[in-house]
Amino acid sequence: AVLKKRLVKLVVNFLFYFRTDEAEPIGALLLEHCRITKEEENVFSISFIEEPERKYCFECDSKEQCQEWIEALKRASYEFMRRSLIFYRNEIQKMTGKDPLEQYGISEEARFQLGTHKQ
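In this text the structure is predicted, and so the values were computed from the model without any measurement.

Draft legend 1. Representation of the pattern of salt bridges within the structure. All told, the structure shown has six salt bridges when counted by the stated rule. Of the charged contacts, one joins Glu-39 and Lys-55 as a salt bridge, the two residues approaching to 3.4 Å between their closest N and O atoms. Here Lys-55 lies in strand β6 (residues 51–59) and Glu-39 lies in strand β4 (residues 34–40), a separation of 16 residues in the sequence. For Glu-39, a relative accessible area of 33% corresponds to the partly exposed category.

Draft legend 2. Structural view of the sheet that holds strand β3 (residues 27–30). The strand order across the open sheet formed by three strands is β1-β2-β3, and the pairing between neighbours is antiparallel. A single partner strand is all that each edge strand has here, and the edge strands are β1 (6–11) and β3. For this sheet, the mean angle separating the axes of adjacent strands, direction not counted, is 25 degrees. Relative to β3, strand β2 (residues 14–19) runs antiparallel, the two sharing four bridges. Opposite Leu-15, over in β3, you have Leu-29 as the bridge partner. Contacts from helix α1 (residues 63–74) reach β1 and β2 within the one sheet, and its direction differs from that of β1 by about 40 degrees.

Here is what the cut-offs are and how they apply
- Residues numbered from 1 in each chain as written.
- Predicted model: local features only at pLDDT ≥ 70, side-chain atom pairs only at ≥ 80, totals over all residues.
- Heavy atoms only, no water.
- Salt bridge = Lys/Arg side-chain N within 4 Å of Asp/Glu carboxyl O.
- Helix = DSSP H or I, 4+ residues; strand = E, 2+ residues; numbered from the N terminus.
- Buried < 20%, exposed > 50% of the residue type's maximum accessible area, 1.4 Å probe, protein only.
- Pairing = 2+ DSSP bridges.
- Axes fitted to C-alpha atoms, helices over the stretch in contact; angles between N-to-C directions.
- Contact = heavy atoms within 4.5 Å.

Take a look at the structure:
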C-alpha cells in the first residue's frame, strides 16, 4: 500500500481528492454501493461492493474528525437520501393527512415507485 497526502472534498455523493498543491481534483469516488469502515482510531476506509479487494484508506487528524467523516460519508449516498425522503414523506403524510410531494406535481407513478421499493 502506498500512502499519499491528499485533500478531499465531499460534494453530495462524490468524494473529490486533490494534490495538496493543485486546485483541480485528480479524481473522485462515487459513494454508491460502498462500505465505510473504521480501521483505527483516526483511520477509516472506503471499499466498494463490486471491488471488495480494492480499499481506499484515509487518515484524519483526530478520532473525532474521523468519526465526523464516517458519519458524513454514510449519509452521502443516493440510497440513504432516498430512504430519508421516503421516511420523512410518510411522517409528514401521517401528521398532515396530505402527501407533501403532491404540491410539486410529482406524478402518482413516481410517488408509487418512491414508496414501494423495500430494502
